[in-house]
Amino acid sequence: MKRKTKRLIGRVAAVCLMLSGLGTAAVFGWKAYSMQQEYEIGDEAYDKLADLVKAEEKPEEGPASSEAEETEGTAQTVDLEAAQEVNSDIVAWLNSPDTVIDYPVCQGEDNSYYLFHLVDGTYNRNGCLFIDCENRKDFTDDNTIIYGHHMASGKMFASLIKYADQTYYDAHPVMYLTIGEKKYQLEIFAGYVTTADSSAYMINLGGKQEFAKWLREICGRSDFTANAMKIKTSDRIVTLSTCAYDFQDARYVVHGRLKELCW
């Protein structure tokens with residue numbers, strides 16, 4: 001009798017373990033499904049907005065006579081006013097050709113809201129690209145910081161860490177920003193892993209000497225060698241920031257300077 005009881009208990013325990021395993025698998029499966037649904041909702045929201053605000057890219061007219069003319073031919077035409085009718089928090093549009101980075105940039109009252117809200121206000125883990133709440137929305141600070149998630153799906157700012165590879169930089173040395181009615185080329189010149197409280201996040205860089213020292217410091221950290229360009233203390237810098245996983249609270253930042261495009 002005792003032997004039968006032990007066998008029964010053993011079978012019940014085995015069944016319980018099996019059900020427990022199935023339950024755990026079901027939980028993980030549901031989480032994966034839920035995250036995938038969020039990714040798709042996020043993609044749909046941004047695709048819908050892009051369709052609303054984008055015109056066809058401006059064609060190049062004849063042979064380009066300068067590097068500036070060549071790059072102007074690839075800049076997008078974005079109706080930022082139409083985007084702001086959807087959400088008045090939108091301050092810019094960022095595009096990195098041949099990558100997934102093609103998003104509106106918002107500014108919230110704090111640096112928390114757009115971590116988990118789409119541009120249309122929907123709660124979503126994709127969040128939205130946004131500039132620091134302490135920055136001027138017209139990008140006239142010494143250094144304007146744009147934050148974005150490092151999504152497992154590869155969306156938002158996940159591709160920034162690819163700048164650790166020289167070949168990726170060589171293929172993507174510029175991005176484009178639409179700010180108000182003006183269009184800018186963002187010339188990338190440095191990228192590296194840093195901490196969340198590093199000097200990369202300074203907004204006002206002081207006088208010319210302090211600014212020049214800061215530029216030497218960040219260029220010295222860069223994972224890649226940038227195309228020959230002379231960064232001046234009168235230049236406006238834009239810093240793109242996302243999470244990295246080299247150590248706790250690590251960040252990957254990419255610095256670029258704004259160069260207005262003439263149309």
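Residues numbered from 1 in each chain as written. Predicted model: local features only at pLDDT ≥ 70, side-chain atom pairs only at ≥ 80, totals over all residues. Heavy atoms only, no water.

1. So, the overall build of the chain
Line of reasoning, step 1. Helix and strand content of the chain: 5 helices and 8 strands.
Line of reasoning, step 2. What you see in the chain, going N to C, is helices and strands ordered as α-α-α-β-β-β-β-α-β-β-α-β-β.
Line of reasoning, step 3. Within the span of the chain, comprising 263 residues, buried residues form 43% of the whole.
Line of reasoning, step 4. Contacts spanning at least 24 positions in sequence make up 63% of the contacts within the chain whose residues lie at least 6 apart.
Line of reasoning, step 5. Total accessible area computed for the chain in this model is approximately 14,500 Å², and 53% of it derives from carbon and sulfur atoms. (Helix = DSSP H or I, 4+ residues; strand = E, 2+ residues; numbered from the N terminus. Buried < 20%, exposed > 50% of the residue type's maximum accessible area, 1.4 Å probe, protein only. Contact = heavy atoms within 4.5 Å. Areas by Shrake-Rupley, 256 points an atom, 1.4 Å probe, with all protein chains shown as cover.)

2. Topic: the packing of aromatic side chains
Line of reasoning, step 1. Within this structure, the stated rule accounts for 9 aromatic pairs.
Line of reasoning, step 2. Aromatic pair Phe130 and Tyr147: ring centres 5.2 Å apart, planes at 35°, arrangement tilted. Here Phe130 is found in strand S3 (residues 129-131), whereas its partner Tyr147 is found in strand S4 (residues 143-147), with 17 residues between them in sequence. Take Phe130 and Tyr147: they sit in the same class, and that class is buried.
Line of reasoning, step 3. Relative to Tyr168, the ring of Tyr163 lies with its centre 5.0 Å away and its plane at 90°, an arrangement referred to as edge-to-face.
Line of reasoning, step 4. Taken together, the ring pairs connect Tyr163, Tyr168, Tyr169 and Phe224 into an aromatic cluster. (Phe/Tyr/Trp six-rings, centres within 6.5 Å; stacked < 30°, edge-to-face > 60°.)

3. As for the sheet that holds strand S8 (residues 250-260)
Line of reasoning, step 1. Here we have 8 strands rolled up into a closed barrel, ordered S1-S2-S3-S4-S7-S8-S6-S5, and mixed in their pairing. Taken pair by pair, the neighbouring strands of this sheet meet at an average axis angle of 30°, ignoring direction.
Line of reasoning, step 2. With 7 bridges connecting them, strand S7 (residues 237-243) and S8 associate as antiparallel partners. Paired with Ile237 across the bridge in S8 is Arg257. (Pairing = 2+ DSSP bridges. Axes fitted to C-alpha atoms, helices over the stretch in contact; angles between N-to-C directions.)

4. What about the environment of Arg136?
Line of reasoning, step 1. Considering the arrangement of structural elements, one finds Arg136 in the loop between S3 and S4.
Line of reasoning, step 2. By relative accessible area, Arg136 is classed as partly exposed at 49%.
Line of reasoning, step 3. Sequence-wise, Arg136 and Gln107 are 29 residues apart; in three dimensions their C-alpha atoms are separated by 9.3 Å.
Line of reasoning, step 4. Of note is the side chain of Arg136, whose polar atom sits 3.5 Å from the side chain of Thr140. (Polar contact = N/O pair within 3.5 Å; in protein donor to acceptor, adjacent residues only side chain to side chain.)

5. Section: helix H5 (residues 208-221)
Line of reasoning, step 1. Taking 1.5 Å of rise per residue, the 14 residues of H5 would be expected to cover 20 Å, and the 20 Å separating its terminal C-alpha atoms lies within 8% of that figure.
Line of reasoning, step 2. Turning to H5, its buried residues number three or more, namely Phe211, Trp214, Leu215 and Ile218. Here the buried residues of H5 occupy an arc of 100° about the axis, which is enough to place them on one side. For H5, the exposed residues lying more than 90 degrees away from the buried face are Gln209, Lys213, Arg216 and Gly220. (Expected span 1.5 Å × (residues − 1). Arc of directions from axis to C-beta.)

6. Considerations on the nonpolar core
For soluble globular proteins, the rule of thumb is that nonpolar side chains tend to be buried together.
Line of reasoning, step 1. Judged by nonpolar contacts, the single largest core of 65 residues is most densely connected at Leu94, Phe139, Ile146, Tyr163, Met175, Leu177 and Leu240.
Line of reasoning, step 2. Aside from chain neighbours lying at most four places away, what touches Ile146 is Val105, Leu129, Phe130, Ile131, Phe139, Phe157, Val238, Thr239, Leu240 and Ser241. (Core = buried A, V, L, I, M, F, W, Y, C linked by side-chain atoms within 4.5 Å.)

7. A few points about the side chain of Asn95
Line of reasoning, step 1. With respect to the helices, strands and loops of the structure, Asn95 is situated in strand S1 (residues 90-95).
Line of reasoning, step 2. According to the relative accessible area criterion, Asn95 is buried, its value standing at 8%.
Line of reasoning, step 3. A polar side-chain atom of Asn95 sits 3.3 Å from a polar atom in the side chain of Asp102.
Line of reasoning, step 4. When sequence neighbours within four positions are dropped, the list of residues in contact with Asn95 reads Gln76, Ile101, Asp102, Met175 and Tyr176.

8. Points about the environment of His149
Line of reasoning, step 1. Tracing the backbone through its elements, the reader meets His149 in the loop between S4 and helix H4 (166-171).
Line of reasoning, step 2. Residues His149 and Leu115, spaced 34 residues apart in sequence, show a C-alpha to C-alpha distance of 7.5 Å.
Line of reasoning, step 3. Look past the residues within four positions of His149 in its chain and what remains in contact with it is Leu115, Phe116, Arg125, Asn126, Gly127, Lys155, Met156, Phe157, Ala158 and Thr242.
Line of reasoning, step 4. Reaching out from His149, the side chain makes a polar contact with the backbone oxygen of Leu115 at a distance of 2.5 Å.

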